Amino acid sequence: MAGLDAFGTQLLRGDGATPTETFSPLANVTEITPPGIERETYDVTAHDSEDGWREFIGGLKDGGEVEIEINYDPREHDSLVSDFNDAVPRSYKCVWPGTLGEWGFKAILTGFEPEAPHDDKLAASAKFKVSGKPVITTGV
C-alpha cells in the first residue's frame, strides 16, 4: 500500500453534556498532530542480569499532546480560549478520513497562540495535554 490521504481528518470538541455528549468539528483546521503516546521504562538491571545486558520493564503511560494549526476566526475559535480557563479535561476526538476510525481522548488546553501578520492570513496554533487513556476505535 502506498499510503493514505490525510485530507478530511477532523478534530471534534465535546460539549460536556451528560449522559450523551455531542461532538462538533473545529472549523478551519489546517494541520492536526494527534496524541503521541509514550511509555516510561524502569531499569531493573541487577548484578546477575544475563551476560551484562540491561533489563527494563514497562512503566507509566502518557497520552502525550495534541497540536493543531487553524485559519483563525475569533468568532469560531475563541471558545477554545475559554477552555484555557477550565482546569477540568474536555473530551475530544481525532476522526480519521472515511471509515478509518478515531482516537477519543480527554485533554486540557495548555496553549493558544494567534498571529496576525501584515502580509498573510489570521492563523493560530493550539496545544492540548491529554489526560488519561486515549480510546482508539479501529476503522474498517
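Further up the page is the structure itself.
A brief structural summary. Throughout this description, residue numbers start from 1 for each chain and increase along the sequence as written. Predicted model: local features are reported for residues with pLDDT of at least 70 only, side-chain atom pairs are reported and counted for 80 or more only, and whole-chain, interface and lining totals are derived from all residues. Excluded from the side-chain calculations are hydrogens and water; all other atoms, namely the structure's heavy atoms, are used.

1. Thoughts on unusual backbone geometry
- The peptide bond linking Thr18 to Pro19 adopts the cis configuration, its omega dihedral lying at 5°.
- The secondary structure listing takes helices from DSSP runs of H or I that are at least 4 residues long and strands from runs of E that are at least 2 residues long, numbered from the N terminus. Structurally, Pro19 is set in the loop between strand 1 (10–14) and strand 2 (23–25).
- Of note, the phi angle at Asn28 is positive, near 60°, even though the residue is not glycine.
- Positionally, Asn28 belongs in the loop between strand 2 and strand 3 (29–33).
- Only protein chains enter the accessibility calculation, which uses a 1.4 Å probe; a residue is then buried when its area is under 20% of its type maximum, exposed when over 50%, and partly exposed in between. Accessibility expressed as a relative area gives 40% for Asn28, which makes it partly exposed.
- Within the chain, Asp51 stands out as a residue other than glycine whose phi angle is a positive 55°.

2. Focus on helix 1 (residues 74–84)
- Along helix 1, the residues that are buried comprise His77, Leu80 and Asp83. The arc that holds the buried residues of helix 1, viewed along the axis, is 70°, so those residues lie on one side.
- If you follow the buried residues of helix 1, they end up packed against strand 1, strand 6 (65–71), strand 7 (90–95), strand 8 (101–115) and strand 9 (123–138).
- Polar contact is the term for a pair of N or O atoms within 3.5 Å; when the atoms are in protein, one must be able to donate a hydrogen and the other to accept it, and sequence-neighboring residues count only if both atoms are side-chain atoms. Taking the backbone nitrogen of Arg75 as reference, a side-chain oxygen 2.9 Å away marks Asp73 as the first, capping residue of helix 1. Taken from the helix axis, the directions to the C-beta atoms give the arc we talk about. The contact definition used throughout considers only heavy atoms, calling two residues in contact when any of these lie within 4.5 Å.

3. Here's the deal with the pattern of salt bridges
- Think of a salt bridge as a Lys or Arg side-chain nitrogen and an Asp or Glu carboxyl oxygen that are within 4 Å of each other. Using the criterion set out here, one finds eight salt bridges in the structure.
- With a shortest N-O distance of 2.7 Å, Asp43 and Arg54 are connected by a salt bridge. With Asp43 in strand 4 (residues 38–43) and Arg54 in the loop between strand 4 and strand 5 (56–62), this residue pair connects regions lying 11 residues apart in the sequence.
- Its relative accessible area of 57% is what places Arg54 among the exposed residues.
- For Lys93, the salt bridge goes to Glu102, with nearest N and O atoms at 3.5 Å.
- You can call Lys93 partly exposed: its relative accessible area is 23%.
- Put simply, Arg13, Asp83 and Arg90 are held in one network by salt bridges that share partners.

4. Details of the sheet that holds strand 7
- Strand pairing is assigned whenever DSSP detects at least two bridges linking the two strands. Read from one edge to the other, the open sheet built from seven strands follows the order 2-1-7-8-9-6-3, with strand pairing classed as antiparallel. Every interior strand has two partners, whereas the edge strands, strand 2 and strand 3, have only one. The mean inter-strand angle of the sheet, taken between neighbouring strand axes irrespective of direction, is 35°.
- Where strand 1 lies against strand 7, four bridges are found, and the strand directions are antiparallel. Opposite Leu11, over in strand 7, you have Cys94 as the bridge partner. For helices, the fitted line uses only the C-alpha atoms of the stretch in contact; every axis is such a line through C-alpha atoms, and the angle between N-to-C directions lies from 0 to 180 degrees.

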